[in-house]
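The residues making up each chain are set out below.
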Amino acid sequence: MTDTIKWDHTVDVLVVGSGGGAMVAAIRAKDNGAETLVIEKTDKYGGNTAMSGGVIWVPNSHLMAAKGLQDSAEKGFQYLKSLIGDAVPDVRIRSYVEKAPEMLKWLHEKTAMRFESLELYPDYYPGSPGYMEGGRSHDPKAFNAAQLGDEFENLRGQHPQTLIYNIFTMETMEFRAVFKKEKGWVGVFMRVFFEWLFDLGYRLKFKKRSRRLTLGNSVAGSLRKSMLDRKIPLWLNCGLKELIVEDGKVVGAVAEKNGQPFRIRAKKGVILGAGGFERNQQMREQYLPGPTHTSWTTGSPGNTGDAHRAGISIGADIKFMDDAWWGPTVVVPGEAQARMMIVEKSLPGCAFVDMNGKRYTDEAAPYITVVQDMYKREREGTQAVPSWMIFGKDYREKYPCGPVFPGEMMKDTGFMGVPPELWDSYIFKAETVEELAQKIGISNVANLKQTIVNMNEYAKTGKDLEYDKGGNEYDRFYGDDQTGFPNPCLMPIEAPYYAVKVHAGELGTKGGLNADEKARVLDKEGKVIPGLYVIGNNSAALMGPTYAGAGSTIGPAMTFGYIAADDVMGK
């Protein structure tokens, strides 16, 4: 049959998608001797990776060892196993733990990609067996976009929530220093700002974008540079339509290139790395808990589940389709992307309440946990999707909240104040609890008052008697040690009061095609579908129902991209 199909193009390995995992797969396959092609549905490369924080979670890396941090493969496995349980086979977890450090070392030796072990960034679940207080989350180092030439224009931009003045970004620990106003934070901010400001020629050429790429843009830019070095072709505006199967083996795919069908033969195999289905409302309603909506996601516009459906149509098994990389998000009028409240929720002086005015979660807990608590509240019969984040004058003065800068930088009104269109659409303000409750639709004022009374008492004592906010090192990572109160995650909520609506959003969906320890797609009987591999959010998540630490999405995506590229070439 292969001989009778009229192929438009032939390669050894076809990679679908252009996120971090997909580009690692393409680079590794090329290094293994494969003629490789990457296709991307949208007009920008980088996928979710480009817009993300760019951190990868890798246990027992050489970068950890260089900082004197003692980890091991067994300790990493123990930690993951304690969280994942039996949701994912042990052999797949072990494959990740053993191969992730190897993948990271190869990146440093053979590509333009550079990471740094974050010794202060703890795993998400303190107290779990195998837990570490820092080191496993690795932050991408800044990358100079000038190395990409004109290809920089095709790189998907950073998510608005990661941009300062909607233009430039900083590395993770630089951001943390500024947010927490640590010693020297002004110098950090001014260094990055003036580096951008005086780079006039580059700003004019690339529409004010900074050439100093950090976070997810650093990952995507570095990997694209490594693809360019190897002359690996990347076709934009080329989306997967269906997989071509012959005698039970995937031998290629039909893509739509610039609006026309295009048959691509893949002699060795197809690697699917096309992201989740978070941008597909029909699939969200079919698989995810409700209520749910595409406007709540921070995911890439191209993530509509095309590759999921292509795999399902040839008999691939699916798993975890009702789950996602949850996180509370806010929708800002005029912005195309929702913003996730990663930092804001952890800062002192705020509380999440349901529509009945009651608090129901540790706001500083891992973001996946907060949304799980939102849906748990829904199942119990109280509306918590959406919820409200309540805060007072001190929070407003000291901290940012989405696009609203701290009051010390952006007053409520006046020149350079909060844009008028954001009042009573994104952010709400009132002098009394009663007035605030009326504005945001909370009928039980007594509950809201009691929530604020409780939070104020907890701030004084330093102990949250309900949900223990600030009770562990992960909670405290983004806490503020300079409030004068005993707990860096607790501060009084006092008039005037503010509120923003919080949705059950996510970074992307977790469910996808089920795969084995070599990233090979499995059918419903658990048998390998020859010639087909899947990675990243296109696959059923390695992490199962949990989120081990910062970088638990991109780390496995890149690692299984590396593993797939080895297996497809018989390495």
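As shown above, the structure is provided for reference.
Keep in mind it's a predicted model, so treat the numbers as computed, not measured.

(A) Layout of the overall build of the chain. Within the chain, the secondary structure is distributed over 17 helices and 21 strands. Radius of gyration (C-alpha) of the chain: 24 Å, near the 25 Å computed for a compact globule of 571 residues. Each principal axis of the C-alpha atoms in the chain carries an extent, and together these give about 75 × 55 × 50 Å. By residue count, 62% of the 571 residues in the chain fall in the buried class. Put simply, of all contacts in the chain between residues at least 6 apart along the chain, 74% involve residues at least 24 apart. Accessible surface for the chain amounts to roughly 21200 Å². Of this, 50% is attributable to carbon and sulfur atoms.

(B) View of the pairing of strand β1 (residues 9-16). The element β1 is largely enclosed, with a buried count of six among its eight residues. As paired elements, β1 and strand β2 (residues 36-39) share four bridges and run parallel to each other. In the sheet register, Val13 faces β2, and the bridge partner there is Thr36. A crossover links β1 with its parallel partner β2, the connecting element being helix α1 (residues 20-31), and its sense is right-handed.

(C) Quick look at the pairing of strand β9 (residues 238-246). The pairing of β9 with strand β10 (residues 249-257) spans eight bridges and is classified as antiparallel. Among the inter-strand pairings, Leu240 is bridged to a residue of β10, identified as Ala255. Where β9 folds back onto β10 in an antiparallel hairpin, the turn is made up of two residues, including Asp247, whose phi is positive at roughly 55°.

(D) Broad picture of the layout of surface pockets. Of the voids in this model, the second largest pocket is the one considered here, and its volume is about 450 Å³. Lining the second largest pocket are 23 residues, with Gly157, Gln158, Leu163, Asn166 and Arg209 positioned closest to its centre. Residue composition of the lining of the second largest pocket, by class: nine nonpolar, nine polar and five charged.

(E) Quick peek at unusual backbone geometry. For the bond from Val385 to Pro386, the omega torsion is 10°, close enough to zero to count as cis. With respect to the helices and strands, Pro386 occurs in the loop between α12 (367-379) and β16 (387-391). Here Ala495 and Pro496 are connected by a cis peptide whose omega angle stands at 0°. Summarising the element assignment, Pro496 is placed in the loop between α16 (473-476) and β18 (497-509). Positive phi, normally seen in glycine, also occurs at Asp247, with a value near 55°. Among the structural elements, Asp247 can be located in the loop between β9 and β10. Phi at Ala519 is positive, roughly 70°, even though this residue is not glycine. Among the secondary structure elements, Ala519 is positioned in the loop between β19 (512-513) and β20 (520-522).

Thresholds applied
Residues numbered from 1 in each chain as written. Predicted model: local features only at pLDDT ≥ 70, side-chain atom pairs only at ≥ 80, totals over all residues. Heavy atoms only, no water. Helix = DSSP H or I, 4+ residues; strand = E, 2+ residues; numbered from the N terminus. Rg over C-alpha atoms; globule rule 2.2 N^0.38 Å. Buried < 20%, exposed > 50% of the residue type's maximum accessible area, 1.4 Å probe, protein only. Contact = heavy atoms within 4.5 Å. Areas by Shrake-Rupley, 256 points an atom, 1.4 Å probe, with all protein chains shown as cover. Pairing = 2+ DSSP bridges. Right-handed = clockwise from strand over helix to strand, strands pointing away. 1 Å grid on protein atoms, 1.4 Å probe; cavity = no way out; pocket = protein on both sides within 12 Å on 5 of 7 lines; lining within 4 Å. Points joined across faces, edges and corners; volume = space filled by probe spheres on them. Nonpolar A, V, L, I, M, F, W, Y, C, P; charged D, E, K, R; others polar.

Fair warning: the whole summary comes from geometry, so function is off the table for now.
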